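Secondary and tertiary structure notes
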Number of protein chains: 2
Amino acid sequence: MAAFVQRKAQCLARVDASRKGGLDERAAAVVQLLNGRSRFCTTSSCSGRLVLAQGGAAMTALEKATGDVVLKFEPFVLHVLCQELQDAQLLHSVAVNSGFRNSGITVGRGGKIMMAVRSTHCLEVPLSHKGKLMVSEEYMEFLIDVANRKMEENTRRIGRFYKCLELALEAPTSADTSPEETGKNHAVYTRRRKRKTIQGQEAHTSPKDHSEEPGPADDAETNLGIFAELML
Amino acid sequence: MAAFVQRKAQCLARVDASRKGGLDERAAAVVQLLNGRSRFCTTSSCSGRLVLAQGGAAMTALEKATGDVVLKFEPFVLHVLCQELQDAQLLHSVAVNSGFRNSGITVGRGGKIMMAVRSTHCLEVPLSHKGKLMVSEEYMEFLIDVANRKMEENTRRIGRFYKCLELALEAPTSADTSPEETGKNHAVYTRRRKRKTIQGQEAHTSPKDHSEEPGPADDAETNLGIFAELML
């Protein structure tokens, strides 16, 4: 337990290394809810994004792109360090019930327990090939509409996740400070007084590779642009 | 341990409930390698697929489709019941190192430990809207080429996964039959004589929803066709 407390303190004290430099607004409530609990510590999140990505070296707009351009929609993703396996199980259950069906637990060799909230809800659409745009403007309008609707569904799922999480964390239990007692009932937690926000709590990284913890930059793709919502 | 042995026996005795009714050829080697070990039991797999899916009621070819048609590429997915958490950790490590970076562990309330091998490697491309085909034949040829290349990369990853798994499972250790001893070193397993194939070992389900265990059918989409490799 002491190890987890220290790990959490170090984690929340870190500078936000994401390109954006801060929490996504649509992920903030969930992040703060979890970090307000002693047993959880979020390590990275992204509320969802639309990305125009190009393989190759040039950084230019879609019409001038010289490589292969792909539009991607990537949904909400969240990584949470958990104090014990039962905490990860609770979070996993909530995530799956909220629609994030690709969620899963990782247990590292040092005993580090991570829960990744993930979804299959995506788009990946090749748009151009060796500089030649392969789709019409009409298709682009249609595609943007599809992407925006996926983003809306994604936002609804985040809301569902927040509500289910709140319920799950507020269910009464004996204590969440005693490891022996928490073993008895892994599905419920004591409601605690809202803690004062820990300084740096919102310093939060957004994973560059959407499915994993932030790591060394992977420059296989150049992002032409990242949009929360695209309009044509 | 006895519970796991029983669970495995029941699982392998089940009739294959997939549409195909048998193992995918490209997943077979991995499945058999795992099922030949006492500590693992595969429950579902799919070597990867290209799907033309339509929301709506009609089952017709792409040109005649009356709804919204989407082409999807879904990569290799595998679900494995594991005897203990350390077994799942080993498998998780191998999966991630082979490129299946969305892999994760689930621990059910009854202590059931599942490892899901998953990847972000996908395509999802809307092709038609309310019956109107939105892309050209040239784009379809381009798209099929992209999809086939993803399938080839997927096949390479399965090969990598198999090789890494073989190495990981063959690394010498004291025994994998004694729970106390296996606790000492979670990363390695004794090489066993190849067991005679258990009858029904190849009776294996392929999950309809690609990211999870097979469950009640979800008819939100009608599949127009499932192709291992598309040619135009």
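So, here is what we can say about the structure in this document. What you see is a predicted model, and the numbers here were worked out from it, not measured in a lab. (Residues numbered from 1 in each chain as written. Chains lettered and ligands numbered in written order. Predicted model: local features only at pLDDT ≥ 70, side-chain atom pairs only at ≥ 80, totals over all residues. Heavy atoms only, no water.)

Moving on to the packing of helix α2 (residues 25-35) of chain A against helix α4 (residues 137-170) of chain A. All names here are of chain A. Axis separation between α2 and α4 bottoms out at 10 Å; the angle between their running directions is 15°. Judged on the interaxial angle alone, α4 and α2 are roughly parallel. For the element pair α2 and α4, the recorded crossing hand is left-handed. Along its contact with α2, which presents Arg-26, Ala-29, Val-30, Leu-33 and Leu-34, the element α4 presents Met-151, Thr-155, Ile-158, Phe-161, Tyr-162, Leu-165, Glu-166 and Leu-169. (Axes fitted to C-alpha atoms, helices over the stretch in contact; angles between N-to-C directions. Helix = DSSP H or I, 4+ residues; strand = E, 2+ residues; numbered from the N terminus. Parallel < 35°, antiparallel > 145°, perpendicular 65-115°, else oblique. Left-handed = near helix turned anticlockwise from the far one by under 90°. Contact = heavy atoms within 4.5 Å.)

Let us look at the relation of the copies chain B and chain A. Each copy of the sequence occupies a distinct position, and chain B is placed on chain A by a rotation of 180° and an axial shift of 0.0 Å, giving an RMSD of 0.0 Å. This pairing of chains is accounted for by a two-fold axis. The overlap is high: 100% of the interface residues of chain B also sit at the interface in chain A, so the same surface is used on both sides. (Least-squares fit on C-alpha atoms with pLDDT ≥ 70 in both.)

Our next topic: the packing of aromatic side chains. All names here are of chain B. According to the stated counting rule, one finds 9 aromatic pairs over all chains in the structure shown. Aromatic side chains Tyr-139 and Phe-142 sit 5.8 Å apart centroid to centroid with 70° between the ring planes, which places their arrangement in the edge-to-face category. Note that Tyr-139 and Phe-142 are positioned in helix α4 (residues 137-170) at a spacing of 3 residues, about one turn of the helix. Of the two residues, Tyr-139 and Phe-142, neither departs from the other in class, the shared state being buried. (Phe/Tyr/Trp six-rings, centres within 6.5 Å; stacked < 30°, edge-to-face > 60°. Buried < 20%, exposed > 50% of the residue type's maximum accessible area, 1.4 Å probe, protein only.)

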